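# A closer look at the structure
Below, each chain spelled out in residue letters.
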Amino acid sequence: NYLGEEKSYEIVVSNTNLLAEHCDKINTIVTGCYYPNIENSKEIIKEETYNKAHKIYGDSLTEEVEKRLELELKSILENNYESIYILASEAVKKSNEQGYLVGERGSVGNSFVAYLLGITDYNPIEYNLPFEFFAGKEFDKEPDIDLNFSGEIRDKIQEFIKEKFGKDKVIYCGTIGTFADK
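Attention in this report is confined to the structure presented alongside it. (Residues numbered from 1 in each chain as written. Predicted model: local features only at pLDDT ≥ 70, side-chain atom pairs only at ≥ 80, totals over all residues. Heavy atoms only, no water.)

### Some words on the side chain of Ser41
What counts here: Think of it this way: any DSSP run of H or I at least four residues long counts as a helix, any run of E at least two long counts as a strand, and we number them from the N terminus. Three labels apply to residues, based on accessible area from a 1.4 Å probe with only protein chains included: buried if under 20% of the type maximum, exposed if over 50%, partly exposed otherwise in between. Here a polar contact is recorded for every N or O atom pair within 3.5 Å, except that within protein the pair must consist of a potential hydrogen donor and a potential acceptor, and residues adjacent in sequence are included only if both atoms are side-chain atoms.
Looking at where Ser41 falls in the secondary structure, it is placed in helix α2 (residues 41-57). We classify Ser41 as buried; its relative accessible area is 9%. Among the polar contacts listed, one links the side chain of Ser41 to the side chain of Glu82, at a separation of 3.1 Å.

What follows is the structure in structure tokens.
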């Protein structure tokens, strides 16, 4: 009010529009899904899961095990989710190698592939847990793999992931449980 209606309009509207005219238009909303690129990821996930299944169940897999593994691999591969599983598996392995267990939350325990890759300790076949709880009725739901790393190893795991995929390709997100001066 102290500038008057004409001057206020010039500052707030006219000058803002003038400035905007000199700027390039950019799209700040990214659409689509962008997963890590892991060379030969489709072959890797098939080989690792089948190797582990044979290690657990022997040379000849039962029909139930074979059917469940094929159902999950089909869903994962058709939706290009294999890199999510491989990344989670490698992060868990790295933490375990350092002597730290990793907790997982949510419905990831419904994934037999996640079990075979060491992401979860729950074998959904033993508990008769359907994959649909994790992957959706159409088997196309993006995997939500929540992993809880020890605070003592979390920074090392983040660095491991940054080294593997490049610092410009990784962001940190998560839940902060407590605040403290450090």
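### With respect to the packing of aromatic side chains
A ring pair, where both rings are aromatic, is described by two values, the distance of the centres and the angle of the planes. What counts, and what does not: Aromatic contacts are taken between Phe, Tyr and Trp rings whose centres are within 6.5 Å, Trp giving its six-membered ring; a plane angle under 30 degrees counts as stacked, one over 60 as edge-to-face, and the others as tilted.
Going through the model one piece at a time under the given rule, you end up with six aromatic pairs. Aromatic side chains Tyr85 and Phe134 sit 6.4 Å apart centroid to centroid with 85° between the ring planes, which places their arrangement in the edge-to-face category. You can see Tyr85 sitting in helix α4 (residues 82-97) and its partner Phe134 sitting in helix α6 (residues 132-135), a full 49 residues away along the chain. Tyr85 sits in the buried class, given a relative accessible area of 1%. Between Phe131 and Phe139, the aromatic rings sit 6.0 Å apart at their centres with planes inclined by 15°, giving stacked as the arrangement. For Phe131, a relative accessible area of 1% translates into the label buried. Ring-pair connections join several aromatic residues into one group, and the members of that group are Tyr85, Phe131, Phe134 and Phe139.

### Thoughts on empty space enclosed by the protein
Heads up, the rule is: A pocket, in this scheme, is an open set of points on a 1 Å grid over the protein atoms alone with protein on both sides within 12 Å along at least 5 of 7 lines, while a cavity is a set where a 1.4 Å probe fits but cannot get out; residues line either one if an atom lies within 4 Å of a point. Grid points are joined across faces, edges and corners, and a volume is the space filled by probe spheres set on the points.
All chains considered together, the criterion is met by one cavity of 30 Å³ or more. Approximately 40 Å³ is the volume found for the largest cavity. Around the largest cavity, the lining residues are Ser75, Ile76, Tyr81, Tyr85, Phe131, Phe134, Ala135, Lys141 and Pro143. Counting only elements with at least two residues in the lining of the largest cavity, the list comes to α3 (63-78) and α6.

### Brief notes about the pattern of salt bridges
Test applied: One side-chain nitrogen of Lys or Arg within 4 Å of one carboxyl oxygen of Asp or Glu is enough to make a salt bridge.
According to the stated counting rule, one finds seven salt bridges in the structure shown. Residue Glu82 is joined to Lys42 by a salt bridge in which the shortest nitrogen-to-oxygen separation is 3.3 Å. One end of the pair, Glu82, is in helix α4; the other, Lys42, is in helix α2, and 40 residues separate them in sequence.

### Here we look at the packing of α2 against α3
Counted only if it meets this: Each axis is a line fitted through C-alpha atoms, taken for helices only over the stretch in contact, and angles between the N-to-C directions span 0 to 180 degrees. Note on angle classes: values under 35 degrees are labelled roughly parallel, values over 145 roughly antiparallel, values of 65 to 115 roughly perpendicular, and the remainder oblique. Crossing handedness follows the turn of the near helix against the far one: under a right angle anticlockwise gives a left-handed crossing, and clockwise gives a right-handed one. The contact criterion used throughout is that any non-hydrogen atoms of two residues lie within 4.5 Å. The classification used treats Ala, Val, Leu, Ile, Met, Phe, Trp, Tyr, Cys and Pro as nonpolar, Asp, Glu, Lys and Arg as charged, and all other residues, Gly among them, as polar.
Where α2 meets α3, the closest approach of the two axes is 11 Å, and the angle between their N-to-C directions is 165°. By the angle between their directions, the pair α2 and α3 is classed as roughly antiparallel. Where α2 crosses over α3, the two elements pack in a sense that is right-handed. From α2, Lys42, Ile45, Lys46, Thr49, Tyr50, Ala53 and Tyr57 reach across to α3, where they touch Val65, Glu66, Leu69, Glu70, Leu73, Ile76 and Leu77. Its residues placed into classes, the contact of α2 with α3 shows nine nonpolar, one polar and four charged.

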